[in-house]
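Chains, contacts and geometry: an overview
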Amino acid sequence: MLGVGLLKGLKTTLRAFFSRPVTIMYPYERVRIGDRGQGLIKLRVTSFDPVVYKCTGCGICEKNCPQRCIEVTKKEGEKQPEIYTVNYGLCMFCRICIDVCPFDALEMTQDSEHIGYSRQDFIWEKEKLAMKSLYIVEEKTPASRDADGASS
Amino acid sequence: MYDEAEILLDDLPKDYMEVNFGPHHPSTHGVFRFIAKIDGERIIDIDPVIGYLHRGIEKIAENRTYVQFKPLVDRLDYTGGLNNELCYCLAVEKLMDIEAPPRAQAIRVICAELNRIAAHLIFFGAMGLETGAFTPLLFGFLDRETILNIFEIMAGGRLTFNYITIGGVREDIRSTVKTYFDKFNKEFPVKLKRYEELITGNEIFIKRLKNVGILKKEDLFNWGASGPTLRGSGVKFDIRKVEPYSGYEKYDFDIPVGTNGDVYDRYLVRMEEIKQSMRIVAQALDNLPSGDFTVKVPRIIKPPEGEVYVRNEGTKGEIGFYIVSKGDKNPYRLKIRTPSFSHINMLNFAASGNYIADAIVILGSFDTVMGSCDR
Amino acid sequence: MEIINYEYKKTDNRDVIAAIQPKAETAGVAVKFSEFKEQLFCEIDSADIKKFCSLLNSDAELSFEYIKFLTAVDYVEYIEMVYCLYSFKNNWSIIIKVKLDGRKPVVDSVCSIYRGADWHERETAEMFGIDIMDHPNLKHLLLAGDEDGYPLRKNFEIKWEEREYIPPEKFE
Ligand code: SF4
Ligand code: SF4
């Protein structure tokens, strides 16, 4: 009979109308990225004062990055990078640099926001890359994503 | 003045009008443009214009190593990234004569099938949109979100993963995936039934889709159609069954087929495929083999000389990678066969003679993605 | 419409060769078969491609009615066209290879046999500069047509630009 399908559909719509909203108010509530999530890259350090990077400046990640967005130089005879920049304007968060690093010097963070006023702001120096977290995120996780699978 | 106008009118081709759709038109699924020659409301001829999303991926592949190219594979058909990755990795593995361990194969199957559900849910939403209903889109995306959350736990990414690697997968699957999936498996079929009530049984929806864009199987063979488009016309052909890869022969699932070959059948086939994919994932998660999740591959991947063509059943049809290797770090030539390319090629044939509104529905029923069409 | 069911069928390349060989001989096409990783490659002369394809397509026993793709590979001295066909009935796949002259590549269109080859041929033509004879509509497909050279040829090089960063105040 004509119209039965319409009424059935309306029932579904009404049910959705009275259920809880699924969207969140973004700047006030945030969702956490899972710990395998693709976030910004962090340089590991062994000590902060003076800063000693785990990275030896070997340049393997530079060679393997598909987007050519890493730049590493080191002084002759030193075991530390002199310049280490990542250009987040080009990076596609493929995590290849982390996989190839033989010294385990890179790690992926769960920070996903990076903003800037100019393109220069997306080129991060080694000091900035080593900082723990740049944005202080107040997390209000919605109920649907309470656990992000941190337990393996 | 009057005479001049008459002469001008005489010069014009009579009766036909040319209408331009796109490239930025919501009904064209991305940046796709077509010029339709219409006679009243009927379409005489369609001239598709593609290439707005052409990124030269095949050329980029020649200048990158096999591993460096892998992240770009996700960006072909961005609704079903893991299916593309799976196909690419299988092709390179075939060249190098390696086989992923059973656990990796099961994880790959889980990935690919979950991604198929996600892609079909987009189709479900888009199909509603095409026929003038906005609600299905929201419902489709809502459940897709749950799947993307599972992906985030498992693979790290939501759309672009770089998770399946040559020789296995990047990281082992987590036990939480099963918990999340079980929850999803309990809720989703109920929801899906409601969604189907919303549009599948709706009279307007059926009237719009039934007996529209009927395609015969001989024509579909000739045009190179594959996937649900082919199955909608009564061809029970699925690469997962006919040329099993990644251990698909171990799972018990049915292949839905349509009988009429119209848009409604293609829609039903996809909705049924969602249920079958749920079955496969549940089976795979229950019988997850133990062992390694990857085999040891050399640090620098250098396949020996040769050429292979490997295809698999993507979310839209047959995805294939033809790789010519010369024993280098880079592929010598890499050709990507995508279902969307073949299906849009067919659009003129399928939509001519129909009404304009039906042409949109027919295009929607092929479920094309411009990223995979233009490459 | 009745439903046709295609099941998994074990195939042997020797059967395919045995089926194609006599038919190709009667049609006057010299075919050189080779195998690599369970795939069957047929090498034929470039003048025969249309004849061979229509034989494979129309023959009821072979019934290669489906074209997976066609493309070309640039080996600098010569260009090779690659046609990948599939037979649903027998679950057979073959890859046909045709060698073309590298400087002036010309090949017949198979568009009249496999209509799905239409866009693949257009793409190949613009990417490799191959002259596809008798193609109904050999316009540009993916490219705008303003680039010099053919992008997928080996002598076409990608240039990595050094990007210069413009400070924001210069945008005004
Ligand atoms: S991050 Fe690792 S791979 Fe890159 S330069 Fe430092 S040590 Fe080498
Ligand atoms: S994540 Fe990928 S693109 Fe980004 S810096 Fe690392 S290797 Fe390069």
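The preceding data block contains the structure.
Attention in this report is confined to the structure presented alongside it. (Residues numbered from 1 in each chain as written. Chains lettered and ligands numbered in written order. Predicted model: local features only at pLDDT ≥ 70, side-chain atom pairs only at ≥ 80, totals over all residues. Heavy atoms only, no water.)

We now examine the overall build of chain A. When you go through chain A residue by residue, the secondary structure sums to four helices and seven strands. For chain A, the succession of helices and strands along the chain, N to C, is α-β-β-β-α-β-β-α-β-β-α. Working note: accessible area of chain A is about 9600 Å², and carbon and sulfur atoms make up 57% of it. (Helix = DSSP H or I, 4+ residues; strand = E, 2+ residues; numbered from the N terminus. Areas by Shrake-Rupley, 256 points an atom, 1.4 Å probe, with all protein chains shown as cover.)

In this section: the pattern of salt bridges. The full count for this structure, using the stated rule, is 42 salt bridges over all chains. For Glu 82 of chain A, the salt bridge is made with Lys 75 of chain A, and the minimal N-O distance between the two is 3.7 Å. The salt bridge involving Glu 43 of chain C is made with Lys 32 of chain C; its shortest N-O contact spans 3.8 Å. Here the residue Glu 43 of chain C occupies a position in strand S3 (residues 39-44), and Lys 32 of chain C occupies one in strand S2 (residues 32-36), the gap between them amounting to eleven residues. Judged by relative accessible area, Lys 32 of chain C falls into the exposed class, the value being 54%. The structure contains a network of salt bridges with shared partners spanning Glu 113, Arg 116, Arg 231, Asp 238, Arg 240, Glu 273 and Glu 313 of chain B. (Salt bridge = Lys/Arg side-chain N within 4 Å of Asp/Glu carboxyl O. Buried < 20%, exposed > 50% of the residue type's maximum accessible area, 1.4 Å probe, protein only.)

In this section: the side chain of Lys 97 of chain C. Note that Lys 97 of chain C resides in strand S6 (residues 92-101). Engagement of the side chain of Lys 97 of chain C in a polar contact is seen with the side chain of Glu 307 of chain B, the distance being 2.9 Å. (Polar contact = N/O pair within 3.5 Å; in protein donor to acceptor, adjacent residues only side chain to side chain.)

Our next topic: the packing of helix H1 (residues 4-17) of chain A against helix H7 (residues 175-199) of chain B. One way to put it is that H1 of chain A packs onto H7 of chain B with a least axis distance of 7 Å and a crossing angle of 135°. It follows from the interaxial angle that H1 of chain A and H7 of chain B lie oblique. Considering how the two elements wind past one another, H1 of chain A and H7 of chain B form a crossing that is left-handed. Residues Gly 5, Lys 8, Gly 9, Lys 11, Thr 12, Thr 13 and Arg 15 of chain A of H1 of chain A lie in contact with H7 of chain B, whose contacting residues are Arg 194, Glu 197 and Leu 198 of chain B. Across the contact of H1 of chain A with H7 of chain B, the residue classes break down as one nonpolar, four polar and five charged. (Axes fitted to C-alpha atoms, helices over the stretch in contact; angles between N-to-C directions. Parallel < 35°, antiparallel > 145°, perpendicular 65-115°, else oblique. Left-handed = near helix turned anticlockwise from the far one by under 90°. Contact = heavy atoms within 4.5 Å. Nonpolar A, V, L, I, M, F, W, Y, C, P; charged D, E, K, R; others polar.)

Turning our attention to the environment of Phe 181 of chain B. Residues and elements named next belong to chain B. If you trace the backbone, Phe 181 turns up in helix H7. A C-alpha to C-alpha distance of 34 Å links Phe 181 and Met 96, two positions 85 residues apart in sequence. If near-sequence neighbours (up to four positions away) are discounted, Phe 181 is found in contact with Leu 114, Ile 150, Met 278, Val 281, Ala 282 and Leu 285.

A few words now on the environment of Asp 59 of chain C. Residues and elements named next belong to chain C. Structurally, Asp 59 can be placed in the loop between helix H2 (49-58) and strand S4 (66-74). Of the residues examined, Asp 59 reaches a relative accessible area of 17% and is grouped as buried. Sequence separation between Asp 59 and Lys 23 is 36 residues, and the spatial gap between their C-alpha atoms is 9.0 Å.

Attention now moves to the site of ligand 2. In the vicinity of ligand 2, the contacting residues are Ile 41, Cys 65, Pro 66, Gln 67, Cys 69, Ile 70, Cys 91, Met 92, Phe 93, Cys 94, Arg 95 and Cys 97 of chain A. Broken down by class, the residue content of the shell around ligand 2 amounts to ten nonpolar, one polar and one charged. (Near = heavy atom within 4 Å.)

Let's shift gears to helix H5 (residues 102-130) of chain B. All names here are of chain B. The end-to-end C-alpha distance of H5 is 41 Å, a good match for the 42 Å that 29 residues give at a rise of 1.5 Å each. For H5, the buried fraction is high: 27 of the 29 residues fall into the buried class. The first or second residue beyond H5 is Gly 132, which carries a positive phi of 100°. (Expected span 1.5 Å × (residues − 1).)

Our focus in this paragraph is the sheet that holds S4 of chain C. Residue and element names in this part refer to chain C. Strand order across the open sheet formed by five strands is S2-S3-S6-S5-S4, with mixed pairing between neighbours. Whereas interior strands pair on both sides, the edge strands pair on one side only; in this sheet they are S2 and S4. In this sheet, neighbouring strand axes are inclined to one another by 25° on average, regardless of whether the strands run parallel or antiparallel. Relative to S6, S3 is paired through four bridges, and the arrangement is parallel. The partner of Ile 44 across the bridge, within S6, is Val 98. (Pairing = 2+ DSSP bridges.)

Turning our eyes to something else, we now look at the packing of aromatic side chains. Tallied over the full model, the rule gives 30 aromatic pairs over all chains. Look at Phe 17 of chain A and Phe 18 of chain A: their rings are 5.2 Å apart centre to centre, the planes differ by 85°, and that puts the pair in the edge-to-face class. The class of Phe 18 of chain A is exposed, set by a relative accessible area of 67%. Relative to Phe 34 of chain B, the ring of Phe 21 of chain B lies with its centre 4.6 Å away and its plane at 10°, an arrangement referred to as stacked. Remark: Phe 34 of chain B occurs in strand S2 (residues 33-39) and Phe 21 of chain B occurs in strand S1 (residues 16-21); sequence separation between them is 13 residues. By relative accessible area, which is 10% here, Phe 21 of chain B ends up buried. Each residue in the set Phe 221 and Phe 237 of chain B together with Tyr 66, Tyr 86 and Phe 88 of chain C is aromatic and connected to the rest through ring pairs, giving one cluster. Here Arg 270 of chain B stacks its cationic end above the ring of Phe 123 of chain B, 4.5 Å away from the centre of that ring. (Phe/Tyr/Trp six-rings, centres within 6.5 Å; stacked < 30°, edge-to-face > 60°. Lys NZ or Arg CZ within 6 Å of the ring centre and 35° of its normal.)

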